[in-house]
Amino acid sequence: MTIIVTGGAGFIGSNFVFHMLNTYPDYRIVCLDKLTYAGNLSTLAPVMDNPKFRFVKADICDREAVNTLFEEEKPDMVVNFAAESHVDRSIEDPEIFLKTNILGTATLMDACRKYGIKRYHQVSTDEVYGDLPLDRPDLFFTEDTPIHTSSPYSSSKAGADLLVLAYHRTYGLPVSISRCSNNYGPYHFPEKLIPLMIANALNNKLLPVYGEGINVRDWLYVEDHCKAIDLIIHKGRVGEVYNVGGHNEMKNIDIVRLICKELGKSEELITFVKDRKGHDMRYAIDPTKIHNELGWLPETCFADGIKKTITWYLENRAWWENIINGEYQNYYERMYKDR
Ligand code: NAD
Ligand code: DAU
């Protein structure tokens with residue numbers, strides 16, 4: 001079995017590469033990644049010498065490079081994590097989101113059609129469903145919830161999802177889609193809420209909470225997401241969408257307070273800043289389908305997962321310090337100065 005994993009130098013993709021190499025020692029895992037600002041080759045250092053692993057630096061929008069890789073590897077499956085993934089960056093400049101997330105997906109699927117494939121899996125997000133009101137805790141996203149997006153990021157992911165389903169119906173491409181809630185864990189890029197707050201707190205910097213901090217996200221430990229995708233590509237039905245989430249809804253402010261507590265930092269570091277434009281209020285996944293059909297359930301509870309995550313950031317300072325000491329500083333200035 002040969003699997004092309006795109007975006008494998010990013011947060012979830014790298015965790016998936018590790019999961020697959022550990023779980024299926026006889027599989028060949030080929031990582032295709034453009035190494036954008038969010039991709040980090042040092043993350044993959046532990047597997048670079050593994051004879052079952054190959055890294056290829058390429059853009060999923062580059063038809064020639066993608067076709068060449070398919071000719072060389074003759075993959076059985078493609079799991080597409082490659083994407084521009086940060087909502088705030090999409091608000092600043094949507095174009096690259098449309099290119100990578102929509103055209104890149106089409107380029108990969110065209111190669112799948114041309115060379116044949118057993119499964120094309122699209123890693124999508126709960127953000128394609130838009131948001132839920134805070135005063136209706138009884139509502140959850142199911143696979144039948146209409147697509148209703150808020151940001152250029154979520155719109156680009158929704159566009160890709162529609163294209164994936166269209167390639168299935170029109171060309172019979174054997175596809176599947178997972179729509180997951182917010183992930184956290186090792187190798188999470190420090191522009192996102194949890195790693196940003198951990199890094200800032202450790203450096204005694206202000207902790208910028210958008211708006212009133214009452215927005216709710218449904219947090220899932222990254223390994224549980226990887227296990228869900230593993231199940232879907234092996235046992236999930238072709239042409240289907242599976243929601244992935246662990247009923248772990250938390251307000252942003254409560255997450256930030258918890259991080260302060262775990263690190264022994266004062267809550268006085270918390271500062272409320274201008275809200276994100278179009279800020280989604282609440283995400284909440286109903287994972288009944290993946291549970292009933294594939295037996296998936298999250299294994300790591302938030303209390304344990306956040307401790308493991310904080311410990312990882314304490315023990316791997318060089319990984320995130322390298323990032324925040326580089327080009328990231330310009331991004332941080334742009335995003336948070338005068339906010
Ligand atoms: P990330 O930003 O950490 O990593 C993205 C990776 O894709 C990077 O390695 C980057 O170099 C690579 N990449 C970007 N553009 C590329 C291109 N044109 N060609 C090849 N490689 C390219 O993202 P993440 O948080 O790991 O998210 C991975 C996927 O999971 C995304 O599709 C995202 O939409 C989805 N997702 C993320 C979450 C989450 O909480 N992080 C939740 C649900 C779904
Ligand atoms: O729900 C899945 C999605 O989760 C994925 O599709 C996205 O790729 C991923 O980035 C994530 O999107 P969010 O926008 O929910 O994640 P982010 O970490 O950017 O923000 C989480 C919440 O925290 C959100 O309500 C905004 C808020 N926030 C974020 C940052 C970076 C702050 O209050 N302050 C911050 O500095």
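The structure we're discussing is the one just above.
The text that follows walks through the structure, step by step, so that each part is easy to find. (Residues numbered from 1 in each chain as written. Chains lettered and ligands numbered in written order. Predicted model: local features only at pLDDT ≥ 70, side-chain atom pairs only at ≥ 80, totals over all residues. Heavy atoms only, no water.)

## Concerning the nonpolar core
Part 1 of the reasoning: One finds Ile3, Phe16, Ile29, Leu44, Phe53 and Ile194 to be the most contacted residues of the largest nonpolar core, which totals 65 residues.
Part 2 of the reasoning: Within the second largest apolar cluster, 31 residues are counted, among which are Val66, Leu108, Ala111 and Ile117. (Core = buried A, V, L, I, M, F, W, Y, C linked by side-chain atoms within 4.5 Å. Buried < 20%, exposed > 50% of the residue type's maximum accessible area, 1.4 Å probe, protein only.)

## Things to note about the sheet that holds strand S2 (residues 28-33)
Part 1 of the reasoning: An order of S3-S2-S1-S4-S5-S6-S11 is seen for the 7 strands of this open sheet, with the pairing classed as parallel. The sheet is open, and its two edges are formed by strand S3 (53-57) and strand S11 (240-244), each paired on a single side. With direction set aside, neighbouring strand axes in the sheet form an average angle of 20°.
Part 2 of the reasoning: Across 4 bridges, the pairing between strand S4 (residues 77-80) and strand S5 (residues 119-125) is parallel. Across the sheet, Val79 pairs through a bridge with His121, a residue of S5.
Part 3 of the reasoning: In the packing of helix H1 (residues 11-23) onto the sheet, the strands contacted are strand S1 (2-6), S2, S3 and S4, and the crossing angle to S1 comes to about 160°.
Part 4 of the reasoning: Sheet strands in contact with helix H2 (residues 63-73) are S1, S2, S3 and S4, and its direction is about 170° off that of S2. (Pairing = 2+ DSSP bridges. Helix = DSSP H or I, 4+ residues; strand = E, 2+ residues; numbered from the N terminus. Axes fitted to C-alpha atoms, helices over the stretch in contact; angles between N-to-C directions. Contact = heavy atoms within 4.5 Å.)

## Some remarks on the packing of helix H6 (residues 193-202) against helix H8 (residues 252-263)
Part 1 of the reasoning: In the contact formed by H6 and H8, the axes pass within 10 Å of each other and the chain directions differ by 40°. Seen from above, H6 lies across H8 with right-handed handedness. Side by side, H6 and H8 meet where Leu193, Ile194, Met197, Ile198, Ala201 and Leu202 of the first sit next to Asn252, Ile255, Val256, Ile259 and Leu263 of the second.
Part 2 of the reasoning: When grouped by side-chain class, the residues that make up the contact of H6 with H8 number 10 nonpolar, 1 polar and no charged. (Left-handed = near helix turned anticlockwise from the far one by under 90°. Nonpolar A, V, L, I, M, F, W, Y, C, P; charged D, E, K, R; others polar.)

## Examining the site of ligand 2
Part 1 of the reasoning: Among the 25 residues in the neighbourhood of ligand 2, the closest are listed as Asp126, Tyr153, Arg276, His279 and Tyr336.
Part 2 of the reasoning: Contacts to ligand 2 include Ser85, whose backbone N or O atom sits 2.8 Å from an oxygen atom.
Part 3 of the reasoning: Protein coverage of the free-state accessible area of ligand 2, which is 690 Å², stands at 95%.
Part 4 of the reasoning: Of all elements in the fold, only H6 and strand S8 (207-210) reach the threshold of two or more residues within the shell around ligand 2. (Near = heavy atom within 4 Å. Polar contact = N/O pair within 3.5 Å; in protein donor to acceptor, adjacent residues only side chain to side chain. Areas by Shrake-Rupley, 256 points an atom, 1.4 Å probe, with all protein chains shown as cover.)

## Digging into the pattern of salt bridges
Part 1 of the reasoning: Throughout the structure, instances matching the rule amount to 25 salt bridges.
Part 2 of the reasoning: Residues Asp110 and Arg113 are paired through a salt bridge, measuring 3.6 Å at the closest nitrogen-oxygen approach. In this pair, Asp110 and Arg113 are both assigned in helix H4 (residues 95-115), 3 residues apart and thus about one turn of the helix distant.
Part 3 of the reasoning: One connected set of salt bridges, linked through shared partners, spans Arg28, Arg54, Glu72 and Glu73. (Salt bridge = Lys/Arg side-chain N within 4 Å of Asp/Glu carboxyl O.)

## Examining unusual backbone geometry
Part 1 of the reasoning: Unusually for a residue other than glycine, Lys74 sits at a positive phi of about 45°.
Part 2 of the reasoning: One can find Lys74 in the loop between H2 and S4.
Part 3 of the reasoning: With relative accessibility at 62%, the residue Lys74 sits in the exposed group.
Part 4 of the reasoning: With a phi angle near 70°, Tyr187 is a residue other than glycine that sits in the positive phi range.
Part 5 of the reasoning: Along the chain, the position of Tyr187 falls in the loop between strand S7 (183-184) and H6.

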